[in-house]
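The chain contents come next:
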Amino acid sequence: MPIRSILTLALFLTTSAVRADDWPQWLGPKRDGVWRETGLLAKFPQGGPKVRWRTPIGEGYSGPSVAKGKVYVTDFVRDKNAAKQKGRVPGVERVFCLNEADGSVVWKQEYPVEYRVGYSAGPRTSPTIVDGKVYTLGAMGHLYCFEADTGKIAWSKELVKEYKTTLTTWGFAAHPLVDGDRLICLVGGEGAVAVAFNKDTGKVIWKALSATEPGYCPPMIYDIAGRRELIIWHPESINALDPVTGAVHWTQSYGNKKNIKAGLTIPTPRLDKDKLFFTAFYEGSLMLDVKNEKPKILWKGKGTGETPERTDGLHSIMPTPIIKDGYIYGVCSYGELRCLDEATGKRIWSTYKATTGESMRWGNAFLVEQGDRFILFNEGGDLIIAKLSPKGYEEIDRANILTPTNTLAPPKGRQVVWSHPAFANRCVYARNDKEIICVSMAK
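Everything quoted here is computed from the prediction, not taken from an experiment.

**Things to note about the overall build of the protein chain**
Piece 1. Each helix and strand counted, the protein chain has three helices and 34 strands in total.
Piece 2. For the protein chain, the C-alpha radius of gyration of 21 Å lies close to 22 Å, the compact-globule estimate for 443 residues.
Piece 3. Dimensions along the principal axes, computed over C-alpha positions, put the protein chain at roughly 70 × 50 × 50 Å.
Piece 4. Burial statistics for the protein chain: of 443 residues in total, 59% are counted as buried.
Piece 5. Considering only intrachain contacts with a sequence separation of at least 6, the fraction spanning at least 24 residues in the protein chain is 56%.
Piece 6. Split by element, the accessible area of the protein chain, about 18300 Å² in all, is 51% carbon and sulfur.
Piece 7. Looking at the protein chain, you have 59 positive and 48 negative side-chain charges, and the mean spots of the two groups are 2 Å apart.

And the structure:
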């Protein structure tokens with residue numbers, strides 16, 4: 001065989017063995033927080049990972065999404081000329097489609113909005129890309145369906161106006177979920193905590209559940225007890241629904257008075273075989289046995305979450321925990337990365353090394369599983385490669401890739417990055433309130 005043919009074959013075999021994926025929604029292709037690509041760096045090169053591009057954007061907590069050579073991200077631009085009114089921040093929310101190769105703008109859409117929510121620094125939810133459409137949900141309930149390639153508006157809704165829902169303290173933050181021909185969103189209003197829209201037309205297919213408010217937890221679909229269950233966790237209870245019809249299969253109360261009053265249902269529930277795990281700021285941890293038609297509480301934390309000393313298991317405020325090999329890893333409400341025994345909820349170890357370095361209310365880091373290690377992105381803009389096991393936290397490497405810019409977070413007015421990155425094309429896509437950056441993790 002000629003040398004050139006041998007080299008071509010070798011290159012083909014090498015590249016075909018390297019797995020590449022998109023990150024088209026919250027927590028990735030399977031909505032489970034696992035980065036399945038291969039061919040990644042074991043450690044960062046001198047000076048940190050290579051920056052492929054940077055693109056200016058505005059404020060936002062929403063993470064980017066990546067699909068078919070494009071990056072989608074939303075932001076908010078304040079109207080600096082508007083008269084100041086207490087509790088009202090006028091401006092525009094924007095939706096960007098960027099070229100994945102160089103970060104250039106492919107298309108942009110924007111619409112006027114007046115924020116009347118706490119932490120009014122931009123949209124909260126990641127875009128969802130499915131079948132040539134991109135779905136975005138703004139902080140004030142502006143729901144849009146765009147043509148992914150052109151930005152043309154297919155349909156849109158103003159959820160607060162249409163459903164007469166009471167706006168939650170921090171606005172709309174539950175990432176929409178596409179299942180078949182349904183786009184499932186938390187909405188609010190009588191009988192409409194969860195609503196399934198036709199993803200192509202916006203027509204309502206079903207609506208379900210009533211509560212004081214819908215909360216912020218993303219809807220999730222899991223295979224439970226031999227059937228597909230849509231898990232809707234609002235501040236008063238956990239509910240399992242038929243995702244096709246919206247019929248309620250079971251309900252489990254979970255929410256003390258303080259958690260209900262604050263509406264603090266935020267972190268994504270996690271399923272491990274026949275166990276379903278929840279964590280909340282005031283309420284703490286809850287593990288359900290869901291192998292039968294009705295859930296059973298296996299264990300529940302007893303802490304209140306109001307001070308570090310009064311937390312026991314895991315009292316997460318934002319980040320989604322990860323369950324691996326019988327242990328739960330997550331960030332507690334004061335910045336501790338903790339490991340719990342999945343069987344009992346007992347705390348095995350805790351550390352501030354991955355997050356804020358010291359106790360800090362709502363100290364934060366986002367975690368994804370990647371092979372036999374974890375990739376963390378903390379509120380200081382540090383990208384971290386680490387091993388997590390019941391033996392402890394083992395940091396392999398870290399690099400600062402973004403400067404914290406959000407100054408709305410207490411205490412001490414500290415600056416943070418509170419946006420979950422996307423992981424695709426052997427790259428990390430992260431944003432603050434000034435730019436979105438793409439850094440290479442390719443070996």
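Structure shown, so let's carry the discussion forward.
**A few points about the nonpolar core**
Taken as a class, soluble globular proteins show a tendency for nonpolar side chains to be buried jointly.
Piece 1. W23, W35, I375, L383, Y429 and M441 are the most contacted members of the largest nonpolar core, which totals 33 residues.
Piece 2. With near-sequence residues (within four places) excluded, W35 lies in contact with W23, L40, E369, Q370, G371, I375, F423, A424, R426, C427, V428 and M441.
Piece 3. The next biggest cluster of nonpolar side chains, apart from the first, holds 16 residues, and it includes C217, M220, I231 and L286.

**A closer look at the pairing of strand β28 (residues 382–389)**
Piece 1. The buried fraction of β28 amounts to six of the eight residues, a majority that puts the element mostly inside the structure.
Piece 2. The sheet contact formed by strand β27 (residues 373–378) and β28 spans four bridges and is antiparallel. Paired with I375 across the two strands is I385, which belongs to β28.
Piece 3. In textbook terms, the turn of a hairpin is the stretch between consecutive antiparallel strands, and for β27 and β28 this stretch comprises three residues, one of which, G381, has a positive phi near 85 degrees.
Piece 4. Where β28 meets strand β29 (residues 392–400), eight bridges bridge the pair, whose relative direction is antiparallel. Pairing of S389 across the sheet is with G392, part of β29.
Piece 5. Once β28 ends, the chain turns through two residues before running back antiparallel as β29.

**Regarding the environment of M441**
Piece 1. On the secondary structure map, M441 appears in the segment after β34 (435–440).
Piece 2. Since its relative accessible area comes to 0%, M441 is described here as buried.
Piece 3. With 170 residues separating them along the chain, M441 and L271 place their C-alpha atoms 29 Å apart.
Piece 4. Leave out the neighbours within four places in its chain, and M441 touches W35, G39, L40, L41, F44, I375, L383, I385, R426, C427 and V428.

**Side note on the sheet that holds strand β3 (residues 70–78)**
For sheets, the rule is that strands pair by backbone hydrogen bonds, running either parallel or antiparallel.
Piece 1. Here we have four strands laid out as an open sheet, ordered β2-β3-β4-β5, and antiparallel in their pairing. Each edge of the open sheet carries a strand with a single partner, namely β2 (65–67) and β5 (105–115). Neighbour-to-neighbour, the strand axes of this sheet turn through a mean angle of 20 degrees, independent of strand direction.
Piece 2. Inspection of the sheet shows β2 paired to β3 by three bridges, in the antiparallel sense. When the sheet's bridge partners are listed, V66 is paired in β3 with V71.

**Focus on the pattern of salt bridges**
Piece 1. Using the criterion set out here, one finds 28 salt bridges in the structure.
Piece 2. A salt bridge links R54 to E435; the nearest nitrogen and oxygen atoms lie 2.9 Å apart. Within this pair, whereas R54 is found in strand β1 (residues 51–56), its partner E435 is found in strand β34, the two being separated by 381 residues in sequence.
Piece 3. One network of salt bridges, in which partners are shared, links D179, D181, R182 and R228.

**Some points on the packing of aromatic side chains**
Piece 1. Per the stated rule, a full pass over the model turns up 20 aromatic pairs.
Piece 2. Plain terms: the ring middles of Y119 and W418 are 6.2 Å apart, the flat faces sit at 40 degrees to each other, and that makes the pair tilted. Taken together, the residues span a long stretch of sequence, with Y119 in the loop between β5 and β6 (128–130) and W418 in the loop between β31 (414–416) and β32 (422–424) at a distance of 299 residues.
Piece 3. With a relative accessible area of 10%, W418 lands in the buried category.
Piece 4. Consider the rings of W233 and F278, whose centres lie 5.3 Å apart with planes at 75 degrees: the pair is edge-to-face. Here W233, found in strand β15 (residues 227–234), pairs with F278, found in strand β19 (residues 275–280); they are 45 residues apart in sequence, far enough to count as distant. Exposure class is identical for W233 and F278. Each is buried.
Piece 5. Put simply, the rings of Y72, W107, Y111, Y144 and F146 touch in pairs and so form one group of aromatic residues.

**Considering the side chain of Q252**
Piece 1. Here Q252 shows up in strand β17 (residues 248–253).
Piece 2. Those residues in contact with Q252 that sit more than four places away from it in its chain are S237, I238, L288, P295 and I297.

Here is what the cut-offs are and how they apply
- Residues numbered from 1 in each chain as written.
- Predicted model: local features only at pLDDT ≥ 70, side-chain atom pairs only at ≥ 80, totals over all residues.
- Heavy atoms only, no water.
- Helix = DSSP H or I, 4+ residues; strand = E, 2+ residues; numbered from the N terminus.
- Rg over C-alpha atoms; globule rule 2.2 N^0.38 Å.
- Buried < 20%, exposed > 50% of the residue type's maximum accessible area, 1.4 Å probe, protein only.
- Contact = heavy atoms within 4.5 Å.
- Areas by Shrake-Rupley, 256 points an atom, 1.4 Å probe, with all protein chains shown as cover.
- Lys, Arg positive; Asp, Glu negative; His and termini not counted.
- Charge placed at Lys NZ, Arg CZ, Asp CG, Glu CD.
- Core = buried A, V, L, I, M, F, W, Y, C linked by side-chain atoms within 4.5 Å.
- Pairing = 2+ DSSP bridges.
- Axes fitted to C-alpha atoms, helices over the stretch in contact; angles between N-to-C directions.
- Salt bridge = Lys/Arg side-chain N within 4 Å of Asp/Glu carboxyl O.
- Phe/Tyr/Trp six-rings, centres within 6.5 Å; stacked < 30°, edge-to-face > 60°.

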